[in-house]
Amino acid sequence: MRIEVLTTFPGIIEAVTAESILGRARQKGIVEVEAVNLRDFAADRHKTTDDEPFGGGPGMVMKCEPVFAAVEALTARRPGARARIVLMTPQGRRLDQKMVEELAAESYVIVVCGRYEGVDERIREHLVTDEISIGDYVLSGGEIPALVVIDAVARLVPGVLGDEASVESESFSSGLLEYPQYTRPADFRGLQVPEVLLSGNHELIRQWRRVAALKRTRERRPDLLEEDEKCN
Ligand SMILES: C[S@@+](CC[C@H](N)C(=O)[O-])C[C@H]1O[C@@H](n2cnc3c(N)ncnc32)[C@H](O)[C@@H]1O
């Protein structure tokens, strides 16, 4: 999978994706991440990527030219490849695990990060294929939202995590929150691990986990169960 991130702060993307699971996935070449500096596509001497809003008002708006030029240059490097072009925006579709799974099935994704007051509306209307929000709050830029998407998507790409099965039981993948997890010691200051997890009986453990996941979901996110019922 290849992810290209258009940003005026490529260092933010580079720094985070160089570490841990993402860093290893990049090193192994399973996921390619390239942070592309939008200023390299600005036509003027000052490498301007933003301008004042027409009609007045506070802040600056990201200009069309560098964003269109960057997307055109990047897609021209891969003739025939179909790119999902994602704009990070608080006005987009709210990110969830279903959307993450959908993006993980793609081989080529371009992510556009806004700054200031956001991007010129013509980018939204005529360039991008998707608009994604990571939640109902406003951040200063699209880089952290882009990293949220990259992290969530990359861990579903085969080979990125050590144990693929861990993804299937995780919260939201199965439609439920994940069951509680414990590790050694079995007795920590008198706090015991549920007996069944020490039994070695895989069927009993599977059943316990299923019941615990249902109970946890019912207590914390009953909306997920209602959603599941609607689908079945
Ligand atoms: C300060 S925000 C602009 C908000 C815009 N003026 C509005 O009211 O919708 C700057 C940039 O940060 C990114 N951003 C901020 N919050 C976000 C969120 N919740 N999800 C996705 N991107 C977000 C977007 O790329 C956005 O263009």
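Structure first, text after, so check above.
Here's what I pulled together on the structure shown here.

1. Considerations on the sheet that holds strand β1 (residues 2-7)
Strands pair in a sheet through their backbones, by hydrogen bonds, and they do so in one of two ways: parallel or antiparallel. Spatially, five strands are ordered β2-β1-β6-β5-β7 in an open sheet, and the strand pairing comes out parallel. Each end of this open sheet is capped by a strand with a single partner; those strands are β2 (32-37) and β7 (130-133). Each adjacent strand pair in this sheet contributes to an overall mean axis angle of 30 degrees, direction not counted. The sheet contact formed by β1 and β2 spans six bridges and is parallel.

2. Notes on the site of the ligand
With respect to spatial proximity, 20 residues lie near the ligand, and among them Met88, Gln91, Gly114, Tyr137 and Leu139 are the closest. Between Met88 and the ligand, the recorded distance is 2.6 Å, taken from a backbone N or O atom to an oxygen atom. Note that a nitrogen atom of the ligand is positioned 3.0 Å from one of the backbone N or O atoms of Glu117. When the free accessible area of the ligand is taken as 590 Å², the share hidden by the protein chains comes to 85%. Sorting the residues of the shell around the ligand by element identifies β5 (84-94) and β7 as the ones contributing at least two each.

3. Here's the deal with the side chain of Thr49
Following the sequence through the fold, Thr49 ends up in the loop between β2 and β3 (50-51). Contacts of Thr49, omitting those with residues within four sequence positions, involve Thr8, Leu38, Arg39, Val61, Met62, Lys63 and Pro66.

4. Notes on the nonpolar core
In terms of nonpolar packing, the biggest core is built from 32 residues, with Val5, Val31 and Ile132 touching the most fellow members. Residue assignment for this core shows that the elements contributing at least two residues are β1, α2 (20-28), β2, β5, α4 (97-104), β6 (108-112) and α6 (143-154). For this core, the element with the most residues is α6, which contributes seven residues. Other than its neighbours up to four places away in sequence, Ile132 contacts Val86, Leu87, Met88, Thr89, Gly92, Arg93, Leu95, Met99, Leu103 and Val149. Core analysis: the second largest hydrophobic core is formed by 19 residues, Ala70, Tyr108, Val119 and Ile123 among them.

Definitions and cut-offs
Residues numbered from 1 in each chain as written. Predicted model: local features only at pLDDT ≥ 70, side-chain atom pairs only at ≥ 80, totals over all residues. Heavy atoms only, no water. Pairing = 2+ DSSP bridges. Helix = DSSP H or I, 4+ residues; strand = E, 2+ residues; numbered from the N terminus. Axes fitted to C-alpha atoms, helices over the stretch in contact; angles between N-to-C directions. Near = heavy atom within 4 Å. Polar contact = N/O pair within 3.5 Å; in protein donor to acceptor, adjacent residues only side chain to side chain. Areas by Shrake-Rupley, 256 points an atom, 1.4 Å probe, with all protein chains shown as cover. Contact = heavy atoms within 4.5 Å. Core = buried A, V, L, I, M, F, W, Y, C linked by side-chain atoms within 4.5 Å. Buried < 20%, exposed > 50% of the residue type's maximum accessible area, 1.4 Å probe, protein only.

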